[in-house]
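# Structural overview
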Amino acid sequence: YRTLDIKEILDLTDLLSAEKKLDEAEKRLAAVVNERSEKKVRIRLATLMLWNEKYTKAREEFTKLLKEYPDDEEIPLRIAQSYLWGRDYPNALTR
């Protein structure tokens, strides 16, 4: 077997997500993502964490991304979403 490149892994995570295999999708993507990975790939991983109800971990990842990309409008929304989905309504409203 050959190693999959990042594009193939992203395609695989899309397929796994569509089949509701979110844990497997997160695991596959987490194996190749690091701090030097592209922003969109890191956002995808943090989003998978959010879908897997790992709200604190997802928020930590989004917060790291926000420090690197303070002008990105999607990241603060994802942070607020992590609070909302985690039922931390006061923090969700202040984001």
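Here, every reference points to the structure presented above.
Residues numbered from 1 in each chain as written. Predicted model: local features only at pLDDT ≥ 70, side-chain atom pairs only at ≥ 80, totals over all residues. Heavy atoms only, no water.

The next subject is the overall build of the protein. On a plain count of helices and strands, the protein comes out with six helices and zero strands. Mapped in sequence order, the helices and strands of the protein form the string α-α-α-α-α-α. Computed over its C-alpha atoms, the radius of gyration of the protein comes to 14 Å, within 12% of the 12 Å expected for a compact globule of 95 residues. Expressed as a percentage of its 95 residues, the buried residues of the protein come to 36%. Partitioning the intrachain contacts of the protein with sequence separation of at least 6 by distance along the chain shows that 35% fall at a separation of at least 24. Carbon and sulfur atoms make up 53% of the accessible area of the protein, which totals about 6600 Å². Between the mean site of the 19 positive side-chain charges and the mean site of the 19 negative ones, the protein shows a separation of 2 Å. (Helix = DSSP H or I, 4+ residues; strand = E, 2+ residues; numbered from the N terminus. Rg over C-alpha atoms; globule rule 2.2 N^0.38 Å. Buried < 20%, exposed > 50% of the residue type's maximum accessible area, 1.4 Å probe, protein only. Contact = heavy atoms within 4.5 Å. Areas by Shrake-Rupley, 256 points an atom, 1.4 Å probe, with all protein chains shown as cover. Lys, Arg positive; Asp, Glu negative; His and termini not counted. Charge placed at Lys NZ, Arg CZ, Asp CG, Glu CD.)

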